[in-house]
Amino acid sequence: MQKFGAWCAFISATIFFIGLIVAGFLPPPVPSLPPEQVAAIYQNNQMGILFGGLLIVISAGFCGPFSAAIFMQLRRMEGARPIGAYGQMASGIANIQFFIFPGLLMIVAAFRPDRPVESLMALHDLLWIITMVPWTVGAMQCFCIGFAVLSHGTSTTPYPRWVGFFNIWIGIGMATSCVVPFFKAGPFAWNGLVGFWIPATVFGLWMYVMWWMTIKAIDRDNGS
């Protein structure tokens, strides 16, 4: 069951990015598009956006077991006072909603693509702002893991010390998306290098690295 939880990271991240591709939202549309062009996106790719949104909602279901698998290994490492384990678990649970909401907003917007363009534009803006801006819970999950590992980690503990530094740098990298509300074009917009590609890359990197390192931690726990 612990290995299933670890594998959920790989499954969740893969399904999430596939959902974006199916919806035609990787890379995201430029925020400065006029409402008529935004409406055309949903009208011309209604089924793709519906299926992509559904995949993203499905990806959210795998986040909980993944956080639980990390919790088990951190608790084993921290001992009697596993504040890092509980902190990352709480943040991981809170972060699940930011997997669910983007998919739901895609589905709602594409469900009636013939609605007034102003309403569709509002849903579109909400979709991308809620995808990129709430970086704090994901970053806090990384910080809890990072400081727990740096406080207790050695070469023989579930997670080596470099995993602690890795998590702290990932949490800092996620913070770049806080610029998204202030720009509608350029590298700081929700489709730009700083606004999207850096946080999206560090998010994917974190999911895949923590998947693999948690698998290895479980193997060490089992004496494999």
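Residues numbered from 1 in each chain as written. Predicted model: local features only at pLDDT ≥ 70, side-chain atom pairs only at ≥ 80, totals over all residues. Heavy atoms only, no water.

(A) Molecular detail of the overall build of the protein chain. Scanning the protein chain from N- to C-terminus turns up ten helices and zero strands. Secondary structure of the protein chain in N-to-C order comes out as α-α-α-α-α-α-α-α-α-α. In summary, the protein chain has a C-alpha radius of gyration of 19 Å against a globular reference of 17 Å for 224 residues, a match within 12%. Oriented by its inertia axes, the alpha-carbon framework of the protein chain measures out at about 60 × 30 × 20 Å. Expressed as a percentage of the 224 residues in the protein chain, the buried residues total 50%. The protein chain carries 10 positive and 7 negative side-chain charges, and their two centres are separated by 16 Å. (Helix = DSSP H or I, 4+ residues; strand = E, 2+ residues; numbered from the N terminus. Rg over C-alpha atoms; globule rule 2.2 N^0.38 Å. Buried < 20%, exposed > 50% of the residue type's maximum accessible area, 1.4 Å probe, protein only. Lys, Arg positive; Asp, Glu negative; His and termini not counted. Charge placed at Lys NZ, Arg CZ, Asp CG, Glu CD.)

(B) Up close: the side chain of Glu 78. Within the fold, Glu 78 resides in helix H4 (residues 63–78). Despite its burial, Glu 78 pairs with no opposite charge, the nearest such side chain being Arg 75 at 8.7 Å. Excluding residues that lie within four positions of it along the chain, Glu 78 makes contacts with Ile 83, Gly 84, Ala 85, Ala 148 and His 152. (Salt bridge = Lys/Arg side-chain N within 4 Å of Asp/Glu carboxyl O. Contact = heavy atoms within 4.5 Å.)

(C) Fine view of helix H7 (residues 117–132). The first and last C-alpha atoms of H7 sit 23 Å apart over 16 residues, in line with the 22 Å expected at 1.5 Å per residue. Looking at H7, one finds that the buried residues are Leu 120, Met 121, Leu 123, His 124, Leu 127, Trp 128, Ile 130 and Met 132. (Expected span 1.5 Å × (residues − 1).)

(D) Geometry of the packing of helix H8 (residues 136–152) against helix H9 (residues 161–174). In the contact formed by H8 and H9, the axes pass within 7 Å of each other and the chain directions differ by 155°. As the angle between them shows, H8 and H9 are arranged roughly antiparallel. Both H8 and H9 take part in a crossing whose hand is left-handed. Here Gly 138, Ala 139, Cys 142, Phe 143, Ile 145, Gly 146, Phe 147, Val 149 and Leu 150 of H8 lie close against H9, whose contacting residues are Arg 161, Val 163, Gly 164, Phe 165, Asn 167, Ile 168, Ile 170, Gly 171, Ile 172 and Met 174. (Axes fitted to C-alpha atoms, helices over the stretch in contact; angles between N-to-C directions. Parallel < 35°, antiparallel > 145°, perpendicular 65-115°, else oblique. Left-handed = near helix turned anticlockwise from the far one by under 90°.)

(E) The packing of aromatic side chains, seen in detail. Summed over all chains, the structure comprises 18 aromatic pairs. Taken together, a centroid distance of 4.9 Å and an interplanar angle of 85° make the contact between Phe 196 and Trp 197 edge-to-face. On the basis of relative accessible area, Phe 196 is assigned to the buried category, the value being 3%. Residue Trp 197 is classed as partly exposed on the basis of its relative accessible area of 35%. Three or more aromatic residues joined by ring pairs form one cluster here, namely Trp 7, Phe 10, Tyr 208, Trp 211 and Trp 212. (Phe/Tyr/Trp six-rings, centres within 6.5 Å; stacked < 30°, edge-to-face > 60°.)

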